[in-house]
Amino acid sequence: MGRLLEIYDRTFGYHRQDYIKHVLKLCATRLDPSILRRILAFAVLNNEFAVLKEIPKFGHRDELYYSLVNRIGSNTRIKFVEFGVYTGVSMRYFLSAFTNIDSQFYGLDSFQGFPEAWGVGP
Ligand SMILES: C[S@@+](CC[C@H](N)C(=O)[O-])C[C@H]1O[C@@H](n2cnc3c(N)ncnc32)[C@H](O)[C@@H]1O
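The rules we used
- Residues numbered from 1 in each chain as written.
- Predicted model: local features only at pLDDT ≥ 70, side-chain atom pairs only at ≥ 80, totals over all residues.
- Helix = DSSP H or I, 4+ residues; strand = E, 2+ residues; numbered from the N terminus.
- Rg over C-alpha atoms; globule rule 2.2 N^0.38 Å.
- Buried ≥ 20, exposed ≤ 12 C-beta atoms within 10 Å, placed from the backbone.
- Near = placed C-beta within 6 Å.
- Nonpolar A, V, L, I, M, F, W, Y, C, P; charged D, E, K, R; others polar.
- Expected span 1.5 Å × (residues − 1).
- pLDDT = per-residue confidence, 0-100.
- Domains from an automatic or database assignment.

**Q** Where do I start with the overall build of the chain in this structure?
**A** Per the secondary structure count, the chain includes five helices and two strands. Walking the chain from its N terminus toward its C terminus, one meets helices and strands in the order α-α-α-α-β-α-β. Radius of gyration (C-alpha) of the chain: 26 Å, far over the 14 Å computed for a compact globule of 122 residues. Overall, the chain is about 80 × 35 × 20 Å in size when its C-alpha atoms are taken along their principal axes. Taken over 122 residues, the chain has a buried fraction of 1%.

Right, here's the structure in full:
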C-alpha cells in the first residue's frame, strides 16, 4: 500500500492526504447509501458513545433482573414504577426480589398493546 501511494504521489503529484480523501470520495459515490449510513452510525457509536460498549449485555431478561437487584441491593428501600405490567410477571419478580417493607411498587398499563408491531431484536 505504501509503495502504491508513493507511485501515485509521483505520478499525479497528489499529497497523500488528498489521495486518501480522493479514494474515499470515489468509494462513497459508488456505495449504496444504506451502507454509508451503517458505516457512519458505527463511527458515531464508536467515537461519540464509546461508553455504550461498557454496558453489560444479558442473554435473558432474568439475568438482567438478577443483576439489577444485586446492584441496587435487595433490601434497599426503593420506589418501583413499571410502565407496561400486563399480567404482572416482571412486577411479581421485583416484588419478591426487593424485600424492604418500606419500598413502594406501582404498576401501570394501557392494556392496548404496543403502538406498533415488534419482535425479537436483530
Ligand atoms: C410485553 S408486555 C409487558 C410484560 C410485563 N412487563 C412482564 O414482563 O410480564 C407490554 C405491555 O405494555 C403495555 N404498554 C405499551 N405501551 C404502553 C404505554 N404507552 N403506556 C402504558 N402501557 C403500555 C401493553 O399494553 C402491554 O400490556
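Further notes follow.
**Q** How should I be thinking about the site of the ligand in this particular structure?
**A** Taken together, the neighbourhood of the ligand is formed by 14 residues, with Gly-84, Tyr-86, Val-89, Ser-90 and Ser-110 sitting nearest. Here the residues of the shell around the ligand are counted per class, giving seven nonpolar, six polar and one charged.

**Q** Sorry if this is basic, but what is going on with helix H3 (residues 33-48) here?
**A** Residues spaced three or four apart along an α-helix face the same direction, because each turn holds 3.6 residues. Taking 1.5 Å of rise per residue, the 16 residues of H3 would be expected to cover 22 Å, and the 21 Å separating its terminal C-alpha atoms lies within 8% of that figure. For H3, the buried fraction is low: zero of the 16 residues fall into the buried class.

**Q** Teacher, can you tell me more about unusual backbone geometry here?
**A** Note: most peptide bonds trans; most residues except glycine with negative phi. The phi dihedral of Tyr-86 is positive, around 50 degrees, even though this residue is not glycine. The class for Tyr-86 is exposed, based on 12 C-beta atoms found within 10 Å. One non-glycine residue, Phe-111, adopts positive backbone phi at about 55 degrees. Secondary-structure assignment places Phe-111 in the segment after strand E2 (104-108). Owing to 7 C-beta atoms within 10 Å, Phe-111 belongs among the exposed residues under this scheme.

**Q** I'm lost on the confidence of the model for the chain in this one. Help?
**A** Reading predicted coordinates in detail is not appropriate for stretches of low pLDDT. Averaged over every residue, the pLDDT of the chain is 88; the share at 70 or more is 91%. Confidence scores differ between elements of the chain, with helix H1 (residues 2-12) showing the lowest mean pLDDT of 69 and E2 the highest of 98.

**Q** I would appreciate a short explanation of the domain arrangement of the chain in the present structure.
**A** Each assigned domain of the chain is listed here: domain 1 (2-54) and domain 2 (61-108). A separation of 47 Å is found between the C-alpha centroids of domain 1 and domain 2.

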